[in-house]
Amino acid sequence: EAQVTQNPRYLITVTGKKLTVTCSQNMNHEYMSWYRQDPGLGLRQIYYSMNVEVTDKGDVPEGYKVSRKEKRNFPLILESPSPNQTSLYFCASSNGDYNEQFFGPGTRLTVL
Amino acid sequence: QQPVQSPQAVILREGEDAVINCSSSKALYSVHWYRQKHGEAPVFLMILLKGGEQKGHEKISASFNEKKQQSSLYLTASQLSYSGTYFCGTEQWNTGNQFYFGTGTSLTVIP
């Protein structure tokens, strides 16, 4: 089954404790992206990647890191999480420009 | 650069029509529409690539006015299953491959 998976689905952590949210897709998509969703603000792009070893900042990259060492994986790293990073995070992938994005199920992160 | 959607929320009775608008201050080369049901991930509805292009998906269609940097989503004869939050997403000229979603329109269809 074609899908985007994210882990964990739910995470409660404390300020400053490094964490990684994994994202994996099995559709051989080149484009992958991370979004955060907050009430009233819609989805905002954090980082995206056009291909292996190619990553670029989205609209709200501060406080986040990503890497793309393999085509299928695109982990999101919060090196020192803060409460303002409490949000719902979505990973998405697509077959490049002008193509639909497939979303993972989301990761709800709470930073205390 | 985030597109603005209107209205923010709308309540319809089954069978009624609705229009959701998406407006950008930047030149666009594509507009996507997604629907997100409560507690779920957004799901793709359609993409519009050319100015003036209209596309249809069941009883849901959309148009793209490139000059006005606007897109509209039309929902006709709404069904209960249409309830959810609708997002437009845009790719803009001169911003690389960044993707900008609108703030969303909550649509509720009641019997």
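Going by the structure above, here's the rest.
Once a new chain begins, its residue numbering starts again from 1 and follows that chain's sequence as written. Written order determines the labels here, with chains lettered from A and ligands numbered from 1. The predicted origin of the model limits local features to residues at a pLDDT of at least 70 and limits the giving and counting of side-chain atom pairs to 80 or more, whereas totals for whole chains, interfaces and linings rest on all residues. Each side-chain value is worked out from all heavy atoms of the structure, with water and hydrogens disregarded.

**Brief notes about the nonpolar core**
All names here are of chain B.
Inference 1: Here, nonpolar core means buried Ala, Val, Leu, Ile, Met, Phe, Trp, Tyr and Cys residues that are tied together by side-chain atoms lying within 4.5 Å of each other. Relative accessibility under 20% of the residue-type maximum defines a buried residue, over 50% an exposed one, and the middle range a partly exposed one, all with a 1.4 Å probe and only protein chains included. Counting residues in hydrophobic clusters, the biggest one holds 20 residues, and the most contacted among them are W33, L73, L75, Y86 and L107.
Inference 2: Looking at this core, the elements with two or more residues in it are β3 (18-23), β4 (28-36), β5 (43-48), β7 (60-65), β8 (70-75), β9 (84-92) and β11 (105-110).
Inference 3: Whether two residues touch is decided by their heavy atoms; if any such pair falls within 4.5 Å, the residues are in contact. If sequence neighbours within four positions are ignored, L73 has contacts with A18, V19, I20, W33, L45, M46, I60, S61, A62 and Y86. Put simply, DSSP marks the helices as runs of H or I at least four residues long and the strands as runs of E at least two long, and each gets a number from the N terminus on.

**A short note on the packing of aromatic side chains**
Inference 1: Each Phe, Tyr or Trp ring, with Trp reduced to its six-membered ring, pairs with another whose centre is within 6.5 Å; inter-plane angles below 30 degrees give stacked pairs, above 60 give edge-to-face pairs, and intermediate values give tilted ones. Under the defined criterion, the tally for this structure stands at 11 aromatic pairs over all chains.
Inference 2: Aromatic rings pair up to connect Y35, F90 and F103 of chain A together with Y34, F44, F87, F99 and F101 of chain B into one cluster.

**Topic: the state of the cysteines**
All names here are of chain A.
Inference 1: Two cysteine sulfurs form what is called a disulfide whenever their separation falls within 2.5 Å. Throughout the structure, instances matching the rule amount to 2 disulfides over all chains.
Inference 2: One disulfide in the model links C23 with C91; its S-S distance is 1.8 Å. Sign of the S-S torsion, about -70 degrees for the bond between C23 and C91, identifies this disulfide as left-handed. Separated by 68 residues along the polypeptide, C23 in strand β3 (residues 19-25) and C91 in strand β9 (residues 87-94) bring together distant segments of the chain. Like C23, the residue C91 is buried in the burial classification.

**Observations concerning the sheet that holds β3 of chain A**
All names here are of chain A.
Inference 1: Should DSSP find at least two bridges between two strands, the strands are regarded as paired. Pairing is antiparallel in the open sheet, where 4 strands are placed in the order β1-β3-β8-β7. The sheet is open, and its two borders are formed by β1 (4-7) and β7 (65-66), each paired with just one other strand.
Inference 2: Relative to strand β8 (residues 76-78), β7 is paired through 2 bridges, and the arrangement is antiparallel. By the bridge assignment for β8, V66 is matched with L76.

**Quick notes on the interface of chain B and chain A**
Inference 1: Taken together, the contacts link 24 residues of chain B with 22 residues of chain A.
Inference 2: A combined buried area of about 1800 Å² lies between chain B and chain A, and 56% of that area is made up of carbon and sulfur atoms.
Inference 3: Salt bridges are identified by distance alone: a Lys or Arg side-chain nitrogen within 4 Å of an Asp or Glu carboxyl oxygen. The tally of links between chain B and chain A comes to 0 salt bridges.
Inference 4: What qualifies as a polar contact is a pair of N or O atoms within 3.5 Å, subject to a donor-acceptor requirement within protein and to the restriction that residues adjacent in sequence count only when both atoms come from side chains. There are 4 residue pairs in polar contact (both at pLDDT 80 or more) connecting chain B and chain A.
Inference 5: Those elements that provide at least two residues to the side of chain B that touches chain A are β4, β5, β9 and β10 (100-101) of chain B.
Inference 6: Top contributing element to the side of chain B that touches chain A by residue count: β4 of chain B, with 5 residues.
Inference 7: For this scheme, ten residues count as nonpolar: Ala, Val, Leu, Ile, Met, Phe, Trp, Tyr, Cys and Pro. Four count as charged, namely Asp, Glu, Lys and Arg, and the remainder, Gly too, count as polar. Of the residues in the side of chain B that touches chain A, the class split is 11 nonpolar, 11 polar and 2 charged. As used here, buried area is the combined drop in accessible area, with a 1.4 Å probe, of two parts when they are placed together.

**Digging into the pattern of salt bridges**
Residue and element names in this part refer to chain A.
Inference 1: Applying the stated rule across the entire model yields 4 salt bridges over all chains.
Inference 2: Salt-bridge contacts for R36 lead to D38; the nearest nitrogen and oxygen are separated by 2.9 Å. Each of the two residues, R36 as well as D38, counts as buried.
Inference 3: With a shortest N-O distance of 3.2 Å, K65 and E79 are connected by a salt bridge. Taken together, the residues span a long stretch of sequence, with K65 in strand β7 and E79 in the loop between β8 and β9 at a distance of 14 residues.
Inference 4: Of the residues examined, K65 reaches a relative accessible area of 42% and is grouped as partly exposed.
Inference 5: Given the relative accessible area of 40%, E79 is considered partly exposed.
Inference 6: If you follow the salt bridges from partner to partner, you end up with K18, K65 and E79 in one network.

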